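Reading the structure
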Amino acid sequence: ESLVPTSNMAPQAPHHPGNIPQPVHTRPLGQFDRPIPNGLNPQAANRGDVWLVDLGFVAKTRPCLVLSIPAQELTDRALVTLVAHTTSTRGSQFEVALDVRFLKAGAFDTQNLLTIPNVKMVRKLGSLSPEQLTEVESAVRHWLGL
């Protein structure tokens, strides 16, 4: 079994009496050393899922809709592209208000697209219907001029 780091002793100053080398704590290579393809990760976020996401200290946690597909290969980056949900709507043409039982009244703000590491995903709240996902996709295409 591979361990990180490979040395079992911490770097030490030149030997002096009483300077005893201390072992370095090692751990087995694990799930955070490389991306895990969706097929191997039952917690993977899928297109159309709505997750509570840690967006950092300013935005705190917020519901977000997953737009990207899950990583398929170990060489794929462990990232996910999202549309944030807001309860502070402005009536913009780029906001998509949907009646979803697991969300407060608000809208998906398609001007607020973000790509984050998978580790920022906190927990799945639910999934949109295919028709609801199509509404958000249409607004994203309009915002991006696609």
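Only a predicted model underlies this, so the values are computations on that prediction, with no experimental measurement involved. (Residues numbered from 1 in each chain as written. Predicted model: local features only at pLDDT ≥ 70, side-chain atom pairs only at ≥ 80, totals over all residues. Heavy atoms only, no water.)

1. Quick notes on the sheet that holds strand β6 (residues 95–96)
Put simply, the rule is: Each pair of strands is called paired provided DSSP finds at least two bridges between the two strands. Secondary structure elements follow DSSP: runs of H or I of four or more residues count as helices, runs of E of two or more count as strands, with numbering from the N terminus.
If you walk across this open sheet you meet the 6 strands as β6-β7-β5-β4-β3-β8, and the pairing is antiparallel. On the outer flanks of this sheet lie β6 and β8 (121–127), each paired with one strand and no other. The pairing of strand β5 (residues 79–86) with strand β7 (residues 107–117) spans 7 bridges and is antiparallel. Residue pairing in the sheet places threonine 81 in a bridge with threonine 115 of β7.

2. Some points on the pairing of β7
Note that β6 and β7 share 2 bridges and pair antiparallel. Residue pairing across strands places valine 96 opposite phenylalanine 108, the latter belonging to β7.

3. Some remarks on the environment of valine 100
So the rule is basically this: Accessible area is worked out with a 1.4 Å probe on protein chains only. A residue is then buried under 20% of its type maximum, exposed over 50%, and partly exposed in between.
Topologically, valine 100 is positioned in the loop between β6 and β7. In this structure valine 100 comes out as buried when scored by relative accessible area, which is 7%. A sequence separation of 28 residues divides valine 100 from leucine 128, and the C-alpha atoms of the two residues are 7.6 Å apart.

4. A few points about the packing of aromatic side chains
What counts here: Under the pairing criterion, centres of Phe, Tyr and Trp rings, with the six-membered ring standing for Trp, must be within 6.5 Å; the plane angle then separates stacked pairs below 30 degrees from edge-to-face pairs above 60, leaving the rest tilted.
All told, the structure shown has 1 aromatic pair when counted by the stated rule. Judged by centre distance (5.1 Å) and plane angle (70°), the rings of phenylalanine 94 and tryptophan 143 are edge-to-face. Taken as a pair, phenylalanine 94 in the loop between β5 and β6 and tryptophan 143 in helix α1 (residues 130–144) lie far apart in primary sequence, 49 residues in all. On the basis of relative accessibility, which here comes to 10%, the residue phenylalanine 94 falls in the buried class.

5. Considering the nonpolar core
How we decide: What we call a nonpolar core is a set of buried Ala, Val, Leu, Ile, Met, Phe, Trp, Tyr and Cys residues that are connected through their side-chain atoms within 4.5 Å. The contact rule is simple, with two residues in contact once any of their heavy atoms fall within 4.5 Å.
Within the largest apolar cluster, 14 residues are counted, with the highest numbers of intra-cluster contacts made by Leu65, Val83, Leu98, Phe108, Leu128 and Val136. Top contributing element to this core by residue count: α1, with 4 residues. Beyond its immediate stretch of four places on either side in the chain, leucine 98 contacts Gly106, Phe108, Leu128, Gln132, Glu135 and Val136. With 11 residues, the next largest nonpolar core counts Trp51, Cys64, Ala84 and Leu114 among its residues.

6. Some thoughts on a nonpolar patch on the surface
Short version of the rule: Any residue with relative accessible area above 30% and no salt bridge may belong to a patch, with like charges joined within 9 Å and the nonpolar Val, Leu, Ile, Met, Phe, Trp and Tyr side chains within 5 Å. Here the accessible surface of atoms and residues is derived via Shrake-Rupley with a 1.4 Å probe, and residues count as covered only by protein chains that are part of the display. Every case where a carboxyl oxygen of Asp or Glu lies within 4 Å of a side-chain nitrogen of Lys or Arg is listed as a salt bridge.
Taken together, Trp143, Leu144 and Leu146 make up a surface patch of nonpolar side chains, about 340 Å² in accessible area. Take tryptophan 143: its relative accessible area is 35%, and that puts it in the partly exposed class.

7. As for the pattern of salt bridges
Tallied over the full model, the rule gives 2 salt bridges. For the salt bridge of arginine 47 with glutamate 137, the shortest nitrogen-to-oxygen distance reads 1.8 Å. A residue pair is termed long-range when its members are at least 10 positions apart, and arginine 47 in the loop between β2 (27–28) and β3 (49–54) and glutamate 137 in helix α1 qualify at 90 residues. The class of arginine 47 is partly exposed, set by a relative accessible area of 36%. A salt bridge links aspartate 49 to lysine 124; the nearest nitrogen and oxygen atoms lie 3.5 Å apart. Of this pair, aspartate 49 sits in strand β3 while lysine 124 is found in strand β8, placing the two residues 75 residues apart along the sequence.

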